[in-house]
Amino acid sequence: MTRAENNVDPAELNRFNAKAQTWWDLDGEFKALHAINPLRLQFMQTHVPLANQRILDIGCGGGILSEALAKADASVTGIDLAEDVLTVARLHAMESGVSLDYETISAEQKAADCPQAFDLVTCMEMLEHVPDPASVIAAASQALKPGGWLFVSTINRHPKAYALAIVTAERLLNLVPPGTHQYDKLLKPSELDAMARHNGLTLQASAGIDYNPLLKRCRLSNDLRVNYLLAFQKDA
């Protein structure tokens, strides 16, 4: 496993910290995350109830998913290394009256501190932003209880993803900040599955996320060529 302090790209942290104040703007640069968040919850709830589960949200950012999980009566810890973004997350939770914890800590360090402590681990739209995604998957498995679930979402390294998630979403429609995604850092589902299997995690389900910003419509599908979700269960 990569050492915790090394599995971070300072340029990525700076990019997200610079946009911290826009995280909860529903019409801002992160509006796509707000739009797809209900689908992420739907996918998770298909496989496991969220209430009373202890959940670790890796790469929680400004807390869009973390807050939704807490509102579903889960016990949530969101972790990230972007300090300015976490400040926004903490303030928003306070203003919203949502009870959860945020920590400025890496996935690797949190897993070392709290092995087999969580019922669920989530890692959404984060793996494409770190130098060593396999290290994050290993940490997620270490943090999970036997039989626990890992839910991951990311973007496929596929020509359709390049056309829609980078050219269209970033350069033409400004749905996300330009430069957010680098094509060579994107992961194919097969690559992610191999990382998971190496760490005692078995793929249970997958789904694509179809997002049409012009029609303001998003849905789960069987098309994994752009945004996709994977559900893994740790061996008992």
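Presented here is an overview of the structure given in this document. In this text, all values refer to a predicted model and were calculated from it rather than measured experimentally.

## Details of the side chain of H92
Looking at the element boundaries, H92 is found in helix α4 (residues 83–96). When its relative accessible area of 19% is taken as the criterion, H92 is described as buried. Reaching out from H92, the side chain makes a polar contact with the side chain of E67 at a distance of 2.7 Å. Setting aside chain neighbours within four positions, we find H92 in contact with W24 and E67.

## Description of the environment of A194
Its location among the elements puts A194 in helix α8 (residues 189–198). When its relative accessible area of 35% is taken as the criterion, A194 is described as partly exposed. It is 9.3 Å that separates the C-alpha atoms of A194 and A134, two residues lying 60 residues apart in sequence.

## Some remarks on the sheet that holds strand β3 (residues 101–104)
Backbone-to-backbone hydrogen bonds pair the strands of a sheet. The strands run either parallel or antiparallel. In space, the eight strands of this open sheet follow the order β3-β2-β1-β4-β5-β8-β6-β7, with mixed pairing throughout. The sheet is open, and its two borders are formed by β3 and β7 (217–221), each paired with just one other strand. The average angle at which neighbouring strand axes cross in this sheet is 20 degrees, direction not considered. For strand β6 (residues 201–212) and strand β8 (residues 227–234), the ladder comprises eight bridges, and the chain directions are antiparallel. Following the sheet pairing, A205 is matched in β8 by A231. Contacts between helix α6 (residues 133–143) and the sheet are confined to β1 (54–58), β4 (118–124), β5 (144–155), β6 and β8, with β5 contributing the most and set at about 150 degrees to the helix.

## Focus on the packing of α6 against α8
For any two helices packed against each other, one specifies the inter-axial angle together with the distance between the axes. Running from amino to carboxyl end, α6 crosses α8 at an angle of 45 degrees, the nearest separation of the two axes being 9 Å. Between α6 and α8, the angle is such that the two are oblique. Here the hand of the crossing between α6 and α8 comes out right-handed. Between α6 and α8, the contacting residues are P133, A134 and I137 on the first element and L192, M195 and A196 on the second. A class-by-class count of the residues in the contact of α6 with α8 yields six nonpolar, no polar and no charged.

Conventions we followed
Residues numbered from 1 in each chain as written. Predicted model: local features only at pLDDT ≥ 70, side-chain atom pairs only at ≥ 80, totals over all residues. Heavy atoms only, no water. Helix = DSSP H or I, 4+ residues; strand = E, 2+ residues; numbered from the N terminus. Buried < 20%, exposed > 50% of the residue type's maximum accessible area, 1.4 Å probe, protein only. Polar contact = N/O pair within 3.5 Å; in protein donor to acceptor, adjacent residues only side chain to side chain. Contact = heavy atoms within 4.5 Å. Pairing = 2+ DSSP bridges. Axes fitted to C-alpha atoms, helices over the stretch in contact; angles between N-to-C directions. Parallel < 35°, antiparallel > 145°, perpendicular 65-115°, else oblique. Left-handed = near helix turned anticlockwise from the far one by under 90°. Nonpolar A, V, L, I, M, F, W, Y, C, P; charged D, E, K, R; others polar.

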